[in-house]
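In case you want the letters, here they are:
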Amino acid sequence: MTKVIRTENLTKVYNHTVVPVHALGGVDLEVEKGEFTAIIGPSGSGKTTLLNMIGGLDHPTSGRVFVGDTEMTALKESKLIDFRLRNIGFVFQSYNLIPVLTAKENISFIMLLQKRSKEEMEARAIQLLQEVGLTDKADVRPQKLSGGQQQRVAVARALASRPQFVLADEPTANLDTQSAFNLLDIMQKLNEEEHITLLFSTHDQRVIDRARRVIKLVDGKIASDERR
Amino acid sequence: MKMLMILAWRNLWRNKRRTIITVASVFFAVLLAICSESFQRGSYEMMIDNMVKYSTGYLKVQDVMYHDEPSIDNSLLYDDALQSALKPYAESIDYLVPRIQGFTLVANDETTRGALLIGMNPDSEVQFNDFRENIVAGDYLESGDQSVLISSGLARVLNAEVGDTLVFISQGFQGASAAGLFPVKGIVRIRVPEMDRATILMPLAAAQWFFQADERLTSLIVMPNNPADTERLANAMAKGLDAEWFRLLTWKELLADFLKLMAFDVAANKVFLYILYMIIAFGIYGTVLTMMVERTKELAMIISVGMKRSQLAVVCVIEMVLMTLLGVIAGALAAFPVVYYFHHNPIQLSGELANVMIDYGFEPVMPFSMSAINFLSQVYVVSVISLLVSIYPVYKVYSMKVVESSKL
Ligand SMILES: Nc1ncnc2c1ncn2[C@@H]1O[C@H](COP(=O)(O)OP(=O)(O)OP(=O)(O)O)[C@@H](O)[C@H]1O
Ligand SMILES: [Mg+2]
């Protein structure tokens, strides 16, 4: 199996606080292609911090992050943005979409940044909208979509660039049960049928039950890691 | 690039009311600025135009002494030598206006007055100014006439009419006595009030005879084909004319004092406008500030998913430029008909202010200038403002930490 993500003794200390916060205390983690992994743990255990490190959004205090063969932690800021664009899909808890762009434009946006051809962009955007079941909302702006629909567009957007993996930080936190399941179904289907690697954090027991691998963080350290 | 434009344009209309208020503030500033500048410039343009037309011309050739000591004694000899010295520049010269002028006493059986006697070539004056159009009684001069035109103000004080004969007494070239009787052929209204009070126009030959100054001129006005080229022509001509005898003066030198005064006034108006613009700039800055704060999370997200900061900064700058540009264009479009109207229908002053202007020798009329500079200078100023105000969002986009910002 090919490793998509690998972290080596990853630590993060927030020093600018009154008492330094050890958000991550040496995390060694490997994620293989096609895994469907949930990161769980109590609030403040470091889930978001870990995902930010893996996504290259923040720099660790020590340790390294590899994506494929690239040591992401060694990349300069400008290279890093480009690397993110080409290799990592993001789904955030909220504020995922550009409000002035329609659902379809939000999906195409990523491909535009990648300078894909117009035909490819168009075809892929339509295909992705179909996969997340929002074909009829293609020309609607985010504020006219429900929270669940917005998150589905966000998933489609994250996949548009054909990333090596998708990171999602509590993607269902703001959703009602029905929407959460809906989103989960889509994520699961993408994982099973297209072997998309998905790594997401969650508090949500319903989500945890669906994951194929569950990593539990406690105080910035991996407390358990089970595949099922 | 197209996507950046689309993003910027749509962002602009996210908060319609705010954008409209900002655009409107730029609009009113530009409208006010263009109108006030155009009004001021128009007045000055008219004054300069009048002065150039009636007295200085664009370029003057004089005896080297005349400017400091204006007297018939310091006149120049307009002979073959001078004429051939000017030949090489014929291409750049539209026409020449030869004049001999001096003070004279003019009298009839009722009163005696001092007046400026301008000996001139009636044909070239027709090209130069509008004496002929402003004849209010009698006829314009012909070059062979032994008669004069008097200004309407002078006609009033002398109580003179067309056909009257006036007595002229003055001093001629090198102390020769000058005296003559000339009938009034016509009365002319001169638009410079000061000149209208005491001016006499006489054909050149008659005036040279009167002043006993054959072939002599006090000044030879040179009208270039292209007035904007005056300076260059003056420099070229200076090489061909003997500096020991002749002096070349451009209208800028001739009107130096006036131009200084005008520059000061223009600068004062500019200061006022800049204060206005500063207020506008702060208004825009406030808009930008709230705009950026509102969008922090969104900007962080956009950078997170892979948009370069430079691209995002460009979007912000385009937004600023579009916003101010809309105001500028609307302001300029609105100003245009106003300026156009007052250019063709100048404001006629009346009452106290008009009298003051007349006292200072100005026509009490205030036209607007149509000069493109009025419009362009506003575009320039507002562009600078929008670029200055853009510094903040650009700085913000470059300095923002995505992780912290997305948590706000
Ligand atoms: N920017 C920051 N500055 C200081 N401390 C921070 C910062 N971000 C996170 N922390 C701290 O680091 C620790 C881990 O935070 P993190 O957000 O990763 O937890 P989490 O597991 O995502 O929590 P939650 O489930 O509430 O989202 C917490 O103690 C938190 O207070
Ligand atoms: Mg979190």
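Definitions and cut-offs
- Residues numbered from 1 in each chain as written.
- Chains lettered and ligands numbered in written order.
- Predicted model: local features only at pLDDT ≥ 70, side-chain atom pairs only at ≥ 80, totals over all residues.
- Heavy atoms only, no water.
- Helix = DSSP H or I, 4+ residues; strand = E, 2+ residues; numbered from the N terminus.
- Contact = heavy atoms within 4.5 Å.
- Pairing = 2+ DSSP bridges.
- Axes fitted to C-alpha atoms, helices over the stretch in contact; angles between N-to-C directions.
- Core = buried A, V, L, I, M, F, W, Y, C linked by side-chain atoms within 4.5 Å.
- Buried < 20%, exposed > 50% of the residue type's maximum accessible area, 1.4 Å probe, protein only.
- Buried area = accessible area lost by both parts, 1.4 Å probe.
- Salt bridge = Lys/Arg side-chain N within 4 Å of Asp/Glu carboxyl O.
- Nonpolar A, V, L, I, M, F, W, Y, C, P; charged D, E, K, R; others polar.

Visitor: Please set out the side chain of Gln62(B) residue by residue, giving values where relevant.
Guide: Here Gln62(B) lies in strand 1 (residues 59–63). Other than its neighbours up to four places away in sequence, Gln62(B) contacts His67(B), Leu76(B), Thr218(B), Ser219(B), Trp245(B), Phe246(B), Arg247(B) and Leu249(B).

Visitor: Can you break down the pairing of strand 8 (residues 177–188) of chain B residue by residue, with the values?
Guide: All names here are of chain B. The pairing of strand 5 (residues 135–138) with strand 8 spans three bridges and is classified as antiparallel. Its bridge partner lying in strand 8, Ala137 is registered against Ile187. Both strand 6 (residues 148–151) and strand 8 contribute to a ladder of four bridges, which runs parallel. In the strand pairing of strand 8, Val148 is matched with Val184. One ladder, built from seven bridges, connects strand 7 (residues 165–171) with strand 8; its direction is antiparallel. Note that in strand 8 the partner of Gln171 across the bridge is Ser177.

Visitor: How would you explain the sheet that holds strand 6 (residues 88–91) of chain A if you had to name every residue and give the values?
Guide: All names here are of chain A. Sheet architecture is open: six strands sit in the order 6-7-8-3-9-10, paired in mixed fashion. Sheet topology places strand 6 and strand 10 (221–227) at the edges, where each strand pairs with a single neighbour. The sheet shows a mean angle of 15° between the axes of neighbouring strands, direction not considered. Sheet analysis places strand 7 (residues 165–169) next to strand 8 (residues 197–201), joined by five bridges and oriented parallel. From the neighbouring strand, Asp169 faces strand 8, where its bridge partner is Ser201.

Visitor: An account of the nonpolar core is needed here, citing residue identities and associated values.
Guide: Of all hydrophobic cores here, the largest spans 86 residues; its most connected members are Leu50(A), Phe109(A), Ile284(B) and Met307(B). Per-element tally for this core: the top contributor is helix 12 (residues 309–344) of chain B, with twelve residues. If near-sequence neighbours (up to four positions away) are discounted, Leu50(A) is found in contact with Leu10(A), Leu24(A), Val27(A), Leu29(A), Ile39(A) and Leu217(A). Listed in part, the 43 residues of the second largest apolar core include Leu82(B), Val106(B), Ala178(B) and Leu248(B).

Visitor: Account for the sheet that holds strand 1 (residues 3–14) of chain A, naming residues and giving values.
Guide: Residue and element names in this part refer to chain A. Strand order across the open sheet formed by four strands is 2-1-4-5, with antiparallel pairing between neighbours. Every other strand in the sheet has two partners, leaving strand 2 (21–32) and strand 5 (70–71) as the edge strands with one partner each. For strand 4 (residues 62–67) and strand 5, the ladder comprises two bridges, and the chain directions are antiparallel. Each bridged residue has a counterpart across the sheet, and for Phe66 the counterpart in strand 5 is Glu71.

Visitor: Before we move on, could you go through the interface of chain B and chain A and cite the residues and values that matter?
Guide: Contact with chain B, which involves 21 residues of that partner, is made by 27 residues of chain A. Buried surface at the junction of chain B and chain A, both sides included, amounts to about 2,100 Å², of which 67% is carbon and sulfur. In terms of surface lost to chain A, no three residues of chain B exceed Arg10(B), Met301(B) and Val305(B), which account for 29% of the buried area on that side. The tally of links between chain B and chain A comes to two salt bridges. For the salt bridge of Glu105(A) with Arg10(B), the shortest nitrogen-to-oxygen distance reads 2.6 Å. Counting only elements with at least two residues in the side of chain B that touches chain A, the list comes to helix 1 (2–12), helix 11 (296–304), helix 12 and helix 15 (402–407) of chain B. Here the side of chain B that touches chain A is composed, by residue class, of nine nonpolar, four polar and eight charged.

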